[in-house]
Every structure is written in C-alpha cells, then in structure tokens.
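# Close look at the chain arrangement
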Amino acid sequence: MPLLPMSVLLNKANAEGYAVGAFNTNNMEITQAIIEGAVAERAPVIIQCSEGAMKYAGVDTVVAMVKALAENVDIPVALHLDHGKEFDNIIKCIRAGFTSVMIDASHLPLEENIAMTKKVVEIAHAAGVSVEAELGRIAGVEDNVSTSERDAMLTDPGEAERFVSETGVDALAIAIGTAHGPRKFKGEPKLEMDLIREIKSRVNIPLVMHGASAVPKEVIDKAVRYGAEIEGASGVPDEAVSQAVANGINKVNIDTDMRLAMIAAMREVLHNNPKATDPRKVLGPAKDAIVEIVRHKISILGSGAKA
Ligand code: TD3
Ligand code: ZN
C-alpha cells in the first residue's frame, strides 16, 4: 500500500481502543524487521525516524526504502519524523514524502510551544501530513531527575486542553513518568495512569506514550553474556504499557528494545562464529531478533489483526 497519513492509523485506534506501535529505524534491516513483524501480526504500523537517523541514513534513502517496502505489503504504514526539533528538518521531511512529523518544542515555554506547533500544523496539514506535538517533558537517557523535578515535568491536563484546541495537532505526546533509553527508573517503575485518563477526558485525540521500552531482562542478560556492559537497566513492564493503552494511549514509541535485541543477537553470532566474514550472517539474526520484539509489542498494544 502507499504510505498513509499517521492520523488515519491513529484515529481508527482511538475509535476502537488500541494503540499502534511506532518503531524507530535507521537502516534496511530494522525497517524490514518492523514491516515483517507487523505483517505477521496483521497490524497497522508507524515507522519513525529521528533527526539523528535522518543524518545517519539520509532522508531520501529512508523515504525510498520505507516506500518500497510498504508498497509490497497490504497493511497500513505511516512514515513519521520522531522528535523534530529543527524547523528545517520538519520541512525537509514533509517535502521528501514523510506522512507525519513530530514537532517537539516541549523544552520551550508553553506560549512558544503553542506558537511553534501551530506553525508546523498549518504547513503540514496543507501537505496532507499529520502532526504530533509534545507537552510536558520526557526525560532523556542521561537526565538524572529528582522526584520533585519529575513531577514538574508531567503534563498538566488544563494546559493539554488549551494546547490541543489552539494548535489543532493530530496527536499529543504526554509526560507520564517515562524516560528514553535503557535506564528509566531508579527504583520501582512509576507511571501516572490516572493522568492519562484525565488528559484523555479533556482532549479526546490520540495520545502518545514515549519511552515505552520494556528493557527485557533476558535480552540484557544475553547482551551481557556476550560482552556488553549495561548498568542499571530498567524499563516499562508489559502490563503497564497495556494499562496505559486501556487508559487512552493510541501510539507507543519503541526504540531501545529493538536496539538491545539487535546488539545482543549480533554479539552472540560474532562470539559463536569467529570465522564469519559475511555480514549477512550477523545482520540476518539481528533482524530476526527485532521481528520478535515488534511482534511481542503489537500483541501488548492490541493492534494485531486490525489491518
Ligand atoms: O521517541 N522514542 C524513540 C527515540 C528514543 C531514543 O532511544 C521513544 O520514545 C522510544 O523510547 P525507548 O523507551 O524505546 O527508549
Ligand atoms: Zn520519544
């Protein structure tokens, strides 16, 4: 199928009460794995690309690759820019054929976030491209936030209501206590489930959960067994993601789990096959490991058999 605007996938998910998986890519094997996993589950899927991935792979390469793979399958696929911070990058993606962009101006004061988001919505919508924006702050890998800092970062429901009505965004990323990367919580995982409900009751548009990787113990153990050094690993348990979806999340972002699965598989193959000289012998199993992650996530999100 040709690529679809992300709002087509998310509005259906919102109406039917499930979430679409949004998986980050930056090369061919990852993209193939995302599509393969989604096809196996008959699930709509979002392939997303960060500004870092644009730089790594080249925006035209990403578009050509995703289009070629999506056109050969019969599930709905959208191509989305993840955490767009530079206005230039957003325009580049729209021109290159992305069907959705995220404007992440969450680091700016509310008024500036609204103004910037409004501007992107006007341009993107004129091109038939969907827009996701972010309100509240989702911690980064290296951020070491205290409890009071964490609470200050959470999305305010009143602000969310105003933000959505003034900007006209198609989807809103909210801060509910997650963080990006493989070290999300210092102690027990703590997510604001009631906050999701509260925001949803006020805006009723598709809500987005960032930092949703589970950082599975078996994947970490395997990576470590073959030489990786990963300290303080912690992620969002599967049940918490399912509950977030039940409370109103319709898009769930996953990157770290795929990275970890890929690295663990590559380390295992290289360790067990010191004589291997064919990169496909390493990248093939890495791809298969990502397919497993994608399929498992889809089963948690409820998007299987929805294509
Ligand atoms: O926006 N993303 C993907 C990029 C984050 C860098 O890893 C997410 O929200 C995914 O978060 P996670 O939990 O996979 O790190
Ligand atoms: Zn994110």
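Structure shown above.
Our subject in this report is the structure included herewith. Quick caveat: nothing in here was measured; it's all calculated off a predicted structure. Counting of residues starts from 1 at the beginning of each chain's written sequence and follows it residue by residue. In the order they appear in the text, chains get letters beginning with A and ligands get numbers beginning with 1. Reporting of local features is limited, given that this is a predicted model, to residues whose pLDDT is at least 70; pairs of side-chain atoms are given and counted only at 80 or more, and all residues count toward the totals for whole chains, interfaces and linings. As a convention, hydrogens and water are excluded, and side-chain values are obtained from all of the structure's heavy atoms.

Turning our eyes to something else, we now look at the pattern of salt bridges. For side chains bearing opposite charge, pairing can occur when the charged atoms are close. The term salt bridge refers to a pairing of a side-chain nitrogen on Lys or Arg with a carboxyl oxygen on Asp or Glu at a separation within 4 Å. Scanning the entire structure with this criterion turns up 19 salt bridges. Here Glu-111 and Arg-162 are joined by a salt bridge, their closest N and O atoms 3.0 Å apart. Of this pair, Glu-111 sits in helix 6 (residues 110-126) while Arg-162 sits in helix 8 (residues 157-167), and the two are 51 residues apart along the sequence. When its relative accessible area of 48% is taken as the criterion, Glu-111 is described as partly exposed. Here a helix means four or more residues in a row that DSSP labels H or I, a strand means two or more in a row labelled E, and each is numbered from the N terminus. Between buried and exposed lies partly exposed: a residue is buried under 20% and exposed over 50% of the maximum accessible area for its type, with that area taken using a 1.4 Å probe on protein chains only.

For the rest of this paragraph, the subject is the packing of aromatic side chains. By convention here, two paired aromatic rings are described through the distance between centres and the angle between planes. What counts as a ring pair is set by centres within 6.5 Å for rings of Phe, Tyr and Trp (its six-membered ring), and what kind of pair is set by the plane angle: stacked under 30 degrees, edge-to-face over 60, tilted for all other angles. Applying the stated rule across the entire model yields zero aromatic pairs. The residue whose ring lies beneath Lys-119 is Phe-87, and the NZ or CZ to ring-centre distance is 4.3 Å. The rule is short: NZ of Lys or CZ of Arg within 6 Å of the ring centre and within 35 degrees of the ring normal puts a charge over the ring.

Once that is clear, we can look at the coordination of the zinc ion (ligand 2). In this description, a donor is an N, O or S atom within 2.8 Å of the metal centre, a cutoff extended to 3.2 Å for sodium, potassium and calcium. Water is not part of the atom list, which can make sites seem incomplete. On the protein side, the zinc ion (ligand 2) has His-83 (NE2), His-180 (NE2) and His-210 (ND1) as donor atoms, found 2.0 to 2.1 Å from it. On the primary sequence, the residues serving as donors to the zinc ion (ligand 2) are separated as H-x96-H-x29-H. Residue His-180 is found in the loop between strand 6 (171-174) and helix 9 (193-203), and its partner His-210 is found in the loop between strand 7 (207-209) and helix 10 (217-225); the two are separated by 30 residues along the sequence.

Topologically, Asn-72 is positioned in the loop between helix 4 (59-71) and strand 3 (77-84). Take Asn-72: its relative accessible area is 68%, and that puts it in the exposed class. Expressed as a C-alpha distance, the spacing of Asn-72 and Pro-2, which sit 70 residues apart in the sequence, is 8.9 Å. Under this definition, polar contacts are N or O atom pairs within 3.5 Å; protein pairs additionally need one hydrogen-donor-capable and one acceptor-capable atom, and for neighbouring residues in sequence, both atoms have to be side-chain atoms. Within the local environment of Asn-72, its side chain forms a polar contact with the backbone oxygen of Ala-68, the two atoms lying 3.2 Å apart.

A few words now on the packing of helix 12 (residues 256-272) against helix 13 (residues 279-301). Where helix 12 meets helix 13, the axes come as close as 8 Å, and the angle between the chain directions of the two elements is 145 degrees. Crossing of helix 12 against helix 13: the hand is right-handed. Residues Asp-257, Met-258, Ala-261, Met-262, Ala-265, Met-266, Val-269 and Leu-270 of helix 12 form the contact with helix 13, whose own contacting residues are Lys-281, Val-282, Leu-283, Pro-285, Ala-286, Ala-289, Ile-290, Ile-293, Val-294 and Lys-297. Just so you know the grouping, Ala, Val, Leu, Ile, Met, Phe, Trp, Tyr, Cys and Pro go in nonpolar, Asp, Glu, Lys and Arg go in charged, and all remaining residues, Gly too, go in polar. Class assignment for the residues of the contact of helix 12 with helix 13 results in 15 nonpolar, no polar and three charged. Axis lines are fitted to C-alpha atoms, over the contacting stretch for helices. Their N-to-C directions set the angle, which ranges from 0 to 180 degrees. Here is the rule for handedness: rotate from the far helix to the near one, and if that takes an anticlockwise turn smaller than a right angle the crossing is left-handed, while a clockwise turn gives right-handed. Should any heavy atoms of two residues lie within 4.5 Å, those residues are counted as being in contact.

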